[in-house]
Amino acid sequence: MPVDPAGDITATPTAAGAAAPPARPKSAKVMAAFKRYKIAAFIVGWGLLLLCAAMVLKYLFDLPQFVVIWGPIHGALFVGYVILAFDLAYKDRWSPLGTLWVLVAGTIPFVSFVAEKQVQRKILAGGRM
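An account of the accompanying structure is given in this report. (Residues numbered from 1 in each chain as written. Predicted model: local features only at pLDDT ≥ 70, side-chain atom pairs only at ≥ 80, totals over all residues. Heavy atoms only, no water.)

**Focus on the overall build of the protein**
Tallying secondary structure elements over the protein gives four helices and zero strands in all. Going from the N terminus to the C terminus, the protein shows its helices and strands as α-α-α-α. Out of the 129 residues in the protein, the part that is buried amounts to 28%. The contacts in the protein between residues at least 6 apart in sequence include a share of 63% that link residues at least 24 apart. (Helix = DSSP H or I, 4+ residues; strand = E, 2+ residues; numbered from the N terminus. Buried < 20%, exposed > 50% of the residue type's maximum accessible area, 1.4 Å probe, protein only. Contact = heavy atoms within 4.5 Å.)

Written out as structure tokens, the structure reads:
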């Protein structure tokens, strides 16, 4: 049995029960980028749902004015989302595939919320996309 400097016996983890190394805390820059990304993901996710509702109004009820108004607004919001997602991916050193997943998820209704939760879970656990 190993003994620590105070003379107490310490347990040695076995290969089967080895504890995972503790997660490294993220830098302040990564956490700031994550907060910006999280806000953008929330706004763009709801914005995409509003755009889908506007498209239903346009094609089922012949009310195109909602798409005419909301379409460009959503487009500008999505450009901001892409910039903030790239910023977070660069600062946290994501893989190209993880970055692509987050960007594509922002184009599919409801999936953007799933991707944001995955990013949150990985960031807070100390992992990367």
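**Some details on the packing of aromatic side chains**
All chains considered together, the criterion is met by four aromatic pairs. With a centroid separation of 6.5 Å and an interplanar angle of 65 degrees, the aromatic rings of F42 and W46 are classed as edge-to-face. Of the two residues, F42 and W46 are both situated in helix α1 (residues 28-61); the distance of four residues between them amounts to about one turn of the helix. Each member of the aromatic cluster is reached from another via a ring pair, and the members are Y37, F78 and Y81. (Phe/Tyr/Trp six-rings, centres within 6.5 Å; stacked < 30°, edge-to-face > 60°.)

**Some remarks on the nonpolar core**
One broad rule of soluble globular proteins: the nonpolar side chains tend to lie buried together. Grouped together as the largest cluster of nonpolar side chains are 18 residues, with contacts concentrated most on Y37, Y81, L88, W94, V102, V119 and I123. Counting only elements with at least two residues in this core, the list comes to α1, α2 (65-92), α3 (96-105) and α4 (111-125). A per-element tally of this core places α1 first, with seven residues. What I123 contacts, discounting residues up to four positions off in sequence, is K26, V30, M31, F34, L88, D92 and W94. (Core = buried A, V, L, I, M, F, W, Y, C linked by side-chain atoms within 4.5 Å.)

**Concerning the pattern of salt bridges**
For the structure shown, the criterion picks out three salt bridges. Notably, a salt bridge pairs D92 with K26, separated by 2.7 Å at the nearest N-O pair. A residue pair is termed long-range when its members are at least 10 positions apart, and D92 in helix α2 and K26 in the segment before α1 qualify at 66 residues. Accessibility expressed as a relative area gives 18% for K26, which makes it buried. Here D87 makes a salt bridge to R36, at a shortest N to O gap of 3.0 Å. Of this pair, D87 sits in helix α2 while R36 sits in helix α1, and the two are 51 residues apart along the sequence. Taking the relative accessible area as the measure of exposure, R36 reaches 35% and is therefore partly exposed. Salt bridges sharing partners connect three or more residues here, namely R36, D87 and K91. (Salt bridge = Lys/Arg side-chain N within 4 Å of Asp/Glu carboxyl O.)

**A look at the side chain of K26**
Here the side chain of K26 touches D92 through a polar contact of 2.7 Å, side chain to side chain. Those residues in contact with K26 that sit more than four places away from it in its chain are M31, D92, I123, G126, G127 and R128. (Polar contact = N/O pair within 3.5 Å; in protein donor to acceptor, adjacent residues only side chain to side chain.)

**Some points on α3**
Restricting attention to buried positions, one finds in α3 the residues G98, T99, V102, L103 and A105. Taken down its axis, α3 places every buried residue within 165 degrees of arc, on the same side. Relative to its buried face, α3 has exposed residues pointing more than 90 degrees away, namely P96 and L97. Where α3 is buried, its residues touch α1, α2 and α4. (Arc of directions from axis to C-beta.)

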